[in-house]
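# Working through the structure, step by step
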Amino acid sequence: MEPAELLAAYEQMTVIRRTEKAAHDLFLQGLVKGTTHLAAGHEAIAVGASAALRPDDYVFATYRGHHHAMARGASPEECLAELMSRATGLCKAKGGSMHLTKASTGMLGSYAIVGAHLPMAAGAAWSARLRGTDQIAVAFFGDGATNIGAFHEALNLAAVWKLPVLFVCENNLYMEYTPIADVTAVARPAADRAPSYGIPGEVVDGNDVVVVEEAVARLAARARAGDGPALLEARTYRHFGHSRADPATYRPAEEVERWLKHDPLDLARGRLIESGVPEAVVREADERATTVVLKAVEAAKAAPPPDPDEAMTDVWADGGAAWRT
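First things first, this report covers the structure right here in the doc. Note that this is a predicted model, so its numbers are computed, not measured.

### Comments concerning unusual backbone geometry
If you check the backbone angles, Ala93 has positive phi at about 75° while not being a glycine. A relative accessible area of 23% means that Ala93 is categorised as partly exposed. Even without being a glycine, Asp314 presents a positive backbone phi close to 70°. Counting through the fold element by element, Asp314 comes out in the segment after helix H10 (279-302).

### Section: the nonpolar core
Leu80, Leu166, Val209 and Val216 are the most contacted members of the largest nonpolar core, which totals 61 residues. Top element by residues in this core is helix H1 (residues 3-28). It accounts for 10 residues. Apart from residues no more than four positions distant in its own chain, Val216 is found in contact with Ala49, Ala52, Leu53, Leu166 and Leu232. Formed by 25 residues, the second largest nonpolar core is a distinct cluster that contains Tyr111, Ala124, Ala154 and Leu231.

### Thoughts on the environment of Val165
Along the chain, the position of Val165 falls in strand S4 (residues 165-171). Here Val165 is in contact with Ala121, Ala122, Ala125, Ala137, Ala158, Ala223, Pro229 and Ala230, once residues within four sequence places are set aside.

Definitions and limits used
Residues numbered from 1 in each chain as written. Predicted model: local features only at pLDDT ≥ 70, side-chain atom pairs only at ≥ 80, totals over all residues. Heavy atoms only, no water. Buried < 20%, exposed > 50% of the residue type's maximum accessible area, 1.4 Å probe, protein only. Helix = DSSP H or I, 4+ residues; strand = E, 2+ residues; numbered from the N terminus. Core = buried A, V, L, I, M, F, W, Y, C linked by side-chain atoms within 4.5 Å. Contact = heavy atoms within 4.5 Å.

Laid out in structure tokens, this is it:
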């Protein structure tokens, strides 16, 4: 990344981090209904990958998908309004935290069923092949999904058909509350499975936005060239528990401390200073991010609730809900 690109990535990650913190605070105030699965600590994966993708590429994420929605163009206001069940929400208050979707920007959904979206990403890649475009699909998933049948089914079919799809594992070491290493036969739960399907498998530092961008750009170019899928395992760490109901006391204190010292924002900030970007410029990016999120919080709070008459709209592509055969 050039310094200007890295600064933009840093600011975007900072906006995402501030938005996640706002979601946390709004939940404690009783303004966010239901639970949330925060992605604080994962920002470099979403922002780095998105920087390497084209606007017309497809992205699929998990229920921990706030960072991917914003990296692909959803605004903090849209996301917070959705979490607060407001009419201005990204999905008009019909999706909530676990289903942030913005199809107009290629963000084809956040999915609550572990691993269920991997075959869907393969299907999106197949549609690109069928239509003769050079779009690619990217499925982001957690380490726990590597032990789900859909993971293996999707990888196998994508490899057989050489589909233009990337599978990106956000390995934060825990599948909900259980360490992935305790229940998995291989040390690298995603990358070590890749050879079984004859596709490349790589492990990268998922907290370094530059490293993620470079890896995704290279594998995306490979997929566009017709060389088929690849599997990228990005090691990262969540700053919060699995969900708002989880205090995460099962994680060793020294492990948490070690990972918090390897924060994606700190790494990007350090790269910026090393590249000669003045600290004042970095502070200005921080201030802009803070302002954006503060305004988003106030706008979401002021937004109206959804109209009950619209509860059954958008069930089908034509906007209606009437059953048809």
